[in-house]
Amino acid sequence: MLASFGAAADDYLKPIKDFTLVDQMGETHSLSDYENKDYIVMYVHGSGCPIARLSVPEYKEIAATYRSKNIEFLMLNSFIQDDMKPH
């Protein structure tokens, strides 16, 4: 059983192909832009969700704590009703 767990864990550790997204300011960001980081944290968020909005201060606090440890924090607004306008 332990061997099958290890094999399943390895499936999650495979490299992700490079991709590019546009931010709310119209700037592009590619995954490869962050290749010098030890880790990348991607928080999938919906700005229209009241629960998600309540989590933003804690997310910012965690990001501020760990950013100096060569960890990049990115927030992806993934809901269709989220627009590209800066807030």
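Residues numbered from 1 in each chain as written. Predicted model: local features only at pLDDT ≥ 70, side-chain atom pairs only at ≥ 80, totals over all residues. Heavy atoms only, no water.

Considerations on the overall build of the chain
Looking only at helices and strands, the chain has two helices and four strands in total. Ordered by position from N to C terminus, the α and β elements of the chain give α-β-β-β-α-β. Among the 87 residues that make up the chain, the fraction classed as buried is 18%. Contacts spanning at least 24 positions in sequence make up 53% of the contacts within the chain whose residues lie at least 6 apart. For the chain, the exposed surface amounts to about 7,300 Å²; the carbon and sulfur share of it is 61%. (Helix = DSSP H or I, 4+ residues; strand = E, 2+ residues; numbered from the N terminus. Buried < 20%, exposed > 50% of the residue type's maximum accessible area, 1.4 Å probe, protein only. Contact = heavy atoms within 4.5 Å. Areas by Shrake-Rupley, 256 points an atom, 1.4 Å probe, with all protein chains shown as cover.)

So, a nonpolar patch on the surface
A contiguous nonpolar surface patch, about 410 Å² in accessible area, is contributed by Ile 16, Phe 19, Leu 21, Ile 40 and Met 42. Relative to the elements of secondary structure, Ile 40 occurs in strand β3 (residues 39–45). Using a relative accessible area of 31% as the deciding quantity, one classes Ile 40 as partly exposed. (Patch = residues over 30% accessible without salt bridge, like charges linked within 9 Å, V, L, I, M, F, W, Y side chains within 5 Å. Salt bridge = Lys/Arg side-chain N within 4 Å of Asp/Glu carboxyl O.)

Brief notes about unusual backbone geometry
The backbone of Asn 70 shows a phi angle near 65°, a positive value even though the residue is not glycine. Within the secondary structure layout, Asn 70 lies in the loop between α2 (50–66) and β4 (71–77).

Digging into the pairing of β4
Alignment of β3 against β4, held across seven bridges, turns out to be parallel. By the bridge assignment, Val 41 is partnered in β4 with Phe 73. For the crossover from β3 across α2 to β4, the handedness is right-handed. (Pairing = 2+ DSSP bridges. Right-handed = clockwise from strand over helix to strand, strands pointing away.)

Remarks on the environment of Glu 72
Tracing the sequence through the fold places Glu 72 in strand β4. On the basis of relative accessible area, Glu 72 is assigned to the buried category, the value being 15%. Linking Glu 72 and Glu 35, residues 37 residues apart in sequence, is a C-alpha distance of 10.0 Å. Those residues within four positions of Glu 72 in sequence are excluded, and the remaining contacts are Tyr 34, Lys 37, Tyr 39, Ile 40, Val 41 and Arg 67.

Comments concerning α2
Between its terminal C-alpha atoms α2 stretches 25 Å, which fits the 24 Å expected from 17 residues at 1.5 Å a residue. Every buried residue belonging to α2 is among Ala 52, Ser 55, Val 56, Tyr 59 and Ala 63, and all of these are buried. On its buried side, α2 packs onto β3 and β4. (Expected span 1.5 Å × (residues − 1).)

Considering the layout of surface pockets
Here the second largest pocket defines a volume of roughly 240 Å³. The wall of the second largest pocket is formed by Lys 14, Pro 15, Ile 16, Leu 31, Tyr 34, Lys 37, Asp 38, Tyr 39, Ile 40 and Met 42. When the residues that make up the lining of the second largest pocket are grouped by side-chain class, the tally is seven nonpolar, no polar and three charged. (1 Å grid on protein atoms, 1.4 Å probe; cavity = no way out; pocket = protein on both sides within 12 Å on 5 of 7 lines; lining within 4 Å. Points joined across faces, edges and corners; volume = space filled by probe spheres on them. Nonpolar A, V, L, I, M, F, W, Y, C, P; charged D, E, K, R; others polar.)

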